[in-house]
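The lines below spell out each chain.
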Amino acid sequence: MNIIFLGLPGTGKGTQAGVLAEEFNIPHIATGDIFRQAINQGTELGKKAKEYLDSGELVPDTLTNALVKERLVQPDAKKGFILDGFPRTLKQAEALDQIIDELNRSLDQVIYFSAPEEVLIKRLTGRRICSDCGTPYHTEFNPPENEEICDRCGGELIQRKDDREETVIHRLKVNREKTDELVSYYRNQGNIITIQADASLEGVKKQLKEAVAPR
Ligand code: AP5
């Protein structure tokens, strides 16, 4: 399965991608996670990306496209992938079409996570992530057993800098129009399915299972 998860910040792409990737045994490729890891490791990529992530702006297309291309040619992505948070602009979508063509692959499905923005603000400001494995939690909707420790790997839970309310509002503004453009782009390609992402965690999971079931 070669799948894209599309949607505004906080729609639950990362949460659901983690589960589905494990089930299908394919990599969950999240550009945001790759950038955050590079920042933590102090790499050249991290130095270039930090300012954009902290302020909620998008990292330039050229840098992001190159990173995705490099990741998709890795052996583990041969059996399939879930792309989470990429593409985020039309230029990225066009670059992805080209990469996929070059690899002689095709896109099976684009899943669009749709939810009202007031829900997203609540989700993002209450989110905590594991500083080691990146697993997302929510203080109210998806709490860990111990509020400071990751259930999965025991890592420390932290709040992302860009999950402060003013940056969340800015991120939604930066992404709103671009997301609508991408939805139209994939509607024209005829391979997009919309999920009501304001449902409960289980409710979203159920819709997702139906969306990716072989027809
Ligand atoms: P990225 O890390 O991709 O962040 P984002 O798009 O802002 O999306 P999120 O990961 O914040 O949201 P999500 O939909 O995954 O929600 P989650 O599952 O965590 O990007 C960060 C930055 O990196 C960007 O701002 C940009 O600078 C850069 N970047 C990344 N990709 C780029 C690209 N392609 N081009 C350029 N720049 C790029 O869920 C959110 C919260 O809600 C959690 O607390 C979760 O527990 C909770 N939750 C999830 N589902 C439910 C539910 N159904 N009910 C209740 N709570 C729920």
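Everything that follows concerns the structure shown earlier in this document.
Residues numbered from 1 in each chain as written. Predicted model: local features only at pLDDT ≥ 70, side-chain atom pairs only at ≥ 80, totals over all residues. Heavy atoms only, no water.

A. Representation of the sheet that holds strand 3 (residues 81–84) in the model. Reading across from one edge, 2-3-1-4-8 is the order of the 5 strands in this open sheet, with parallel pairing throughout. With partners counted over all chains shown, the strands left at the sheet margins are strand 2 (28–30) and strand 8 (192–196), one partner each. Geometrically, the sheet is characterised by an average inter-axis angle of 20 degrees between neighbouring strands, direction not taken into account. Looking at chain direction, strand 1 (residues 2–7) and strand 3 are connected through 4 bridges and run parallel. Note on strand 3: the bridge partner recorded for I4 is L83. Packed on one face of the sheet, helix 1 (residues 13–24) meets strand 1, strand 2, strand 3 and strand 4 (109–114) and runs near 165 degrees to strand 1. Helix 7 (residues 165–189) rests against strand 1, strand 4 and strand 8 of the sheet, and its axis sits at about 145 degrees to strand 1. (Pairing = 2+ DSSP bridges. Helix = DSSP H or I, 4+ residues; strand = E, 2+ residues; numbered from the N terminus. Axes fitted to C-alpha atoms, helices over the stretch in contact; angles between N-to-C directions. Contact = heavy atoms within 4.5 Å.)

B. Spotlight on empty space enclosed by the protein. Within the structure shown, the criterion is met by 2 cavities of 30 Å³ or more. For the lining of the largest cavity, the secondary-structure elements that each account for two or more residues are strand 1 and helix 7. Taken as a whole, the second largest cavity holds about 40 Å³ of empty space. Considering the residues around the second largest cavity, the lining is formed by Q16, V19, L20, E23, K205, L208 and K209. For the lining of the second largest cavity, the leading source of residues is helix 1, giving 4 residues. (1 Å grid on protein atoms, 1.4 Å probe; cavity = no way out; pocket = protein on both sides within 12 Å on 5 of 7 lines; lining within 4 Å. Points joined across faces, edges and corners; volume = space filled by probe spheres on them.)

C. Seen up close, the sheet that holds strand 5 (residues 127–130). Spatially, the 3 strands line up as an open sheet ordered 6-5-7, and their pairing is antiparallel. Edge positions in the sheet fall to strand 6 (136–138) and strand 7 (157–158), since each has one partner strand and no second. Both strand 5 and strand 7 contribute to a ladder of 2 bridges, which runs antiparallel. Residue pairing in the sheet places I129 in a bridge with I158 of strand 7.

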